[in-house]
Amino acid sequence: MAIGSLPATVAAGRLSWRAHAREVLDRERVLGPLFITPALILILLLVAYPFCMAIYFSLSNAFIGRPSHFIGLTNFVRLWDSDAFRQTFQNAFVFTGISIAFKVVLGISLALLLNQPLWFKRLIRGAVLLPWVIPTALSTLGWWWMFNSLYSVVNWTGIALGIMDPPGPNWLGQKSYAMAAVVTVNIWRGLPFFTITILAGLVAIPKELYEAAQADGAGPWSRFCYVTLPMLKPVLAIVVLFSTIFTFSDFNIVQVLTHGGPINSTHLFATYSRMIGLESGRIGEGAAISLYLFPLLMFVVWAQLRFVRKQVY
Amino acid sequence: MLSRALRTKVLMHVLLVPFLVFALFPFYHMLLTSLKQDRELYDRYAVPLLIRQAPTLEHYAKLLWETEFLTWTKNSLMVTMLATTASMLIGTVAAYALSRLKFRGVNSFGTGIFVTYLVPTSLLFLPLAQVINWIGLADSKWALVLTYPTFLVPFCTWLLMGYFRTVPKEVEECAMVDGATRIQALWRIVLPIAIPGLVCAALFAFTLSWNEFLYALTFTSSSEQITASVGVTSELIRGDIYFWGELMAGAILGSVPIVILYVFFLDYYVSGLTAGAVK
């Protein structure tokens, strides 16, 4: 190909514009910026610009269909003084903290099990991963039905097994039960991500370490504590950081399961922000609510770049 | 007497049972509900774990012929395919530039992509709704085609960078010594080697946009424009009366495209899930 085209160009005695374009495009300084331009434009127009708008909104009294005025930090201060927002703030920490704790413990246990010799390994792995691929809004509908006040299959089973007194808890109608319900669905949906990632971490631990530990007389438990856990630390750090940001900003589960109720007891930043910003039309306040997520985002980005990825990006 | 190794193996399976029940029971129960007759469904003394009376497809029939479910699914397919294709094109070239080319600003752009990858949609949906209004796409599925790449492109770029780095530089340099241009080398050498990565990125982009709910719920509302997730969760619930059979049928049918992909490409899902976070 090259041998054929080169003499032809030389024979023409000058570079045709196509050959010239080819040569310019071959320079890394030209091709690189050209290749990132589409992504850059997209990010500037539909991520960076809206982000600046969010900041502007949060500092104004913007209301759907009305001109807005700059009011400084009033939105943030007023929110901080409101009970509903305080409740949301607390919910977000409870929801994220409990979910992640369970996902870490269950994720490690399940990954350890999946790392053993098993029959139907592929099938089991497929089943374990399934909750993660099904659209959350739709699978949460299934949970909504399972927690139904009259026909809850959870309560039916609990009563049948003698664990619950009839009629059993009204899952979505009582504050702490509603929180337990949304946390359960979040664990259910997030566990595959933890499991599969931790499993990848487990597989990467060199066998020699275990052999050496065994030779030194370490039992299964101390091998887990002194070999497995320390070796899993980097993977765990990444998974937890990722999950923190996505659990804090979760929307789908709460929106479908409880709509933030009963009495705001399960609202998270995203659902509360949508309620205030769109359903009540107070865009300024809504934007301020979601911007409370920003410090957390900054922390996660910083931690990821600083500790987890030694090599930047 | 079972051997010790076999006993351990059986024990492992027994320990797995609670996890499998936890993961699969919701789907089993959804399927069951969607196939039950209303009479059995709303009988508080019936055993909810089984179908005792004859199963029925009437909920599916109602969903397909008496609601706009097929329109919603078509919308979902259109939005997902266009957003995935666009994001793959933009993401592939960006990832190639970031992993292979040296030019000014490459590092800061890489960091920028990573930061964008972490920005949750719940931070941006309010101002984006305004932007959508300004450009005249309010209540249009095209608003979703336009906005989904904001989270798909960073994801695809990030994932593909990892794959492109595993393609040995020498292979590409060989081709260029032989007279191929960079673009030819990318097209004929790098991309074919990176096909597993491309499949993986496309699958995840498809899954992520099929699952997206917040933007779809915020930017579209009329029955002709909404996606399957939004349609099933909002249009099938009217007032205080819930049609649980149809709801569950909708939830199941709305997941079918993803399940089909999943069954065929399970290994890609597993490797992509790991690579997206860890690489």
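Asker: Would you mind showing me how to read the domain arrangement of chain B here?
Answerer: Interface size is commonly expressed as the accessible surface area that is lost when the partners come together. All names here are of chain B. When cut into domains, chain B gives domain 1 (4-56) and domain 2 (66-278). Distance between the C-alpha centres of domain 1 and domain 2: 33 Å. Domain 1 puts 7 residues into the contact, and the matching count from domain 2 is 6 residues. Of all the secondary-structure elements, those providing two or more residues to the side of domain 1 that touches domain 2 are helix 1 (4-35) and helix 2 (38-41). Broken down by element, the side of domain 1 that touches domain 2 gets its largest block of residues, 4 residues, from helix 1. Considered class by class, the residues forming the side of domain 1 that touches domain 2 number 3 nonpolar, 2 polar and 2 charged.

Asker: Any chance you could explain the nonpolar core here in plain terms?
Answerer: Soluble, globular proteins show a tendency: their nonpolar side chains are buried together. In this structure, A:L257 and B:L159 are the most contacted members of the largest nonpolar core, which totals 149 residues. The element that contributes the greatest number of residues to this core is helix 9 (residues 175-203) of chain A, accounting for 13 residues.

Asker: Mind showing me how you'd approach the environment of A:Y177 here?
Answerer: Residues and elements named next belong to chain A. By the element assignment, Y177 lies in helix 9. What makes Y177 partly exposed here is the crowd of 16 C-beta atoms within 10 Å. Here the alpha-carbon distance between Y177 and S222, two residues 45 residues apart in the chain, equals 37 Å. The contacts of Y177, once residues within four sequence positions are left out, are P169, N170 and W171.

Asker: What exactly am I supposed to notice about the interface of chain A and chain B here?
Answerer: Across the boundary between the two partners, chain A contributes 84 residues, which contact 79 residues of chain B. It is helix 3 (residues 28-58) of chain A that contributes the most residues to the side of chain A that touches chain B, 18 residues altogether. Residues that form the side of chain A that touches chain B fall into these classes: 65 nonpolar, 13 polar and 6 charged.

Calculation criteria
Residues numbered from 1 in each chain as written. Chains lettered and ligands numbered in written order. Predicted model: local features only at pLDDT ≥ 70, side-chain atom pairs only at ≥ 80, totals over all residues. Domains from an automatic or database assignment. Contact = placed C-beta atoms within 7 Å. Helix = DSSP H or I, 4+ residues; strand = E, 2+ residues; numbered from the N terminus. Nonpolar A, V, L, I, M, F, W, Y, C, P; charged D, E, K, R; others polar. Core = buried A, V, L, I, M, F, W, Y, C linked by C-beta atoms within 7 Å. Buried ≥ 20, exposed ≤ 12 C-beta atoms within 10 Å, placed from the backbone.

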